[in-house]
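# Structure at a glance
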Amino acid sequence: TWNQLQALYLNLAADEKDPALARAYNVRALLAIERAQAQGYLTSPRDNYTRVAILFNLAQYGVAADLLETGLAARTIESTRRNWELLATAYQQSHREERALATLDRAVALFADQPDLEFALAQNLYSAGRIAEAYTRAEAALARPGLSKPGQVRLYLAFAAYELQRYEDAQKWVDAARAGG
């Protein structure tokens, strides 16, 4: 019945047009999960993720980050690329940029076969004003197989090289992007 109760509140929240009422339904769903977990129910990784998702809906990013970090460490939330990216986003939203960068760095190590994470880290480093590190990470992403948008990374590298006043490198990346190679 706990599962039905939280599902009912989540459905009501999803269908509600009034933001205040949708928020109230999300709070009720969150309380239902918390009460169920206090009694030993709704403790699966999926249920724990649902709790984090509700916290995101309620813009409670700091609490969501703490819960997600604890869940990933304890393996009570599935360790997927998406969940690590969500943790980094939660840190960014709660103004903990260094924790977001550290989280993405850890995700790059955990999911070494996914160079798009390395590029995401490069973009976040750039936003943090660490352009030289961002450039290095973007190059590393481009060097690995399986990158989904290599042309975008080449243009990014051209822009970063220009910012670093490495004009010959910037021209090289522009030419590579134009050539599609």
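Residues numbered from 1 in each chain as written. Predicted model: local features only at pLDDT ≥ 70, side-chain atom pairs only at ≥ 80, totals over all residues. Heavy atoms only, no water.

### Remarks on the overall build of the protein
So the rule is basically this: Helix and strand definitions here come from DSSP, where helices need a minimum of 4 consecutive H or I residues and strands a minimum of 2 consecutive E residues; each element is numbered from the N-terminal end. We take the radius of gyration over the C-alpha atoms and set the globule estimate at 2.2 Å times the residue count to the 0.38 power. With a 1.4 Å probe rolled over the protein chains alone, any residue whose accessible area is under 20% of its type maximum counts as buried; one over 50% counts as exposed, and the rest are partly exposed. Residue contacts are counted whenever heavy atoms from the two residues lie within 4.5 Å of one another.
Within the protein, the secondary structure is distributed over 10 helices and zero strands. Mapped in sequence order, the helices and strands of the protein form the string α-α-α-α-α-α-α-α-α-α. Computed over the C-alpha atoms, the radius of gyration of the protein is 20 Å, more than 25% above the 16 Å expected from 2.2 N^0.38 for a compact globule of 181 residues. Overall, the C-alpha framework of the protein stretches about 65 × 35 × 25 Å when taken along its three principal axes. For the protein, the residues scored as buried account for 39% of the 181 residues in total. Within the protein, contacts between residues separated by at least 24 positions form 50% of all contacts whose residues are at least 6 apart in sequence.

### Looking at the environment of Ala 14
Tracing the backbone through its elements, the reader meets Ala 14 in helix α1 (residues 2-15). With 11 residues separating them in the primary sequence, Ala 14 and Tyr 25 have C-alpha atoms 8.9 Å apart.

### Description of the pattern of salt bridges
Side-chain pairs of opposite charge can arise whenever the charged atoms involved come near each other. Threshold: The term salt bridge refers to a side-chain nitrogen of Lys or Arg lying within 4 Å of a carboxyl oxygen of Asp or Glu.
Tallied over the entire structure, the rule returns 10 salt bridges. Of the charged contacts, one joins Glu 85 and Arg 81 as a salt bridge, the two residues approaching to 3.3 Å between their closest N and O atoms. Of this pair, Glu 85 and Arg 81 both sit in helix α5 (residues 81-93), four residues apart, which is roughly one turn of the helix. For the salt bridge of Arg 137 with Asp 105, the shortest nitrogen-to-oxygen distance reads 2.5 Å. You can see Arg 137 sitting in helix α8 (residues 131-143) and its partner Asp 105 sitting in helix α6 (residues 97-110), a full 32 residues away along the chain. Residue classification places Arg 137 among the partly exposed positions, given a relative accessible area of 23%. The class for Asp 105 is partly exposed, based on a relative accessible area of 35%. Overlapping salt bridges, with partners in common, bring together Asp 105, Glu 118, Arg 137 and Arg 144 in one network.

### Comments concerning the environment of Asn 83
Examined against the element boundaries, Asn 83 turns out to sit in helix α5. With a relative accessible area of 7%, Asn 83 lands in the buried category. With 34 residues separating them in the primary sequence, Asn 83 and Tyr 49 have C-alpha atoms 8.7 Å apart. In this view, Asn 83 contacts Tyr 49, Leu 68, Leu 72, Ile 77 and Glu 78; residues no more than four positions away in its chain are not counted.

### Describing the packing of aromatic side chains
So the rule is basically this: Any two rings among Phe, Tyr and Trp, with Trp reduced to its six-membered ring, count as a pair given centres within 6.5 Å; such a pair is stacked if its planes are under 30 degrees apart, edge-to-face if over 60, and tilted if neither.
Following the criterion strictly, the structure yields five aromatic pairs and no others. Between Phe 119 and Tyr 156, the ring centres sit 5.2 Å apart and the planes meet at 90°, which makes this aromatic pair edge-to-face. Placement of the pair is Phe 119 in helix α7 (residues 115-127) and Tyr 156 in helix α9 (residues 150-163), with a sequence separation of 37 residues. Take Phe 119: its relative accessible area is 7%, and that puts it in the buried class. Among the residues examined, Tyr 156 registers a relative accessible area of 13% and is labelled buried.

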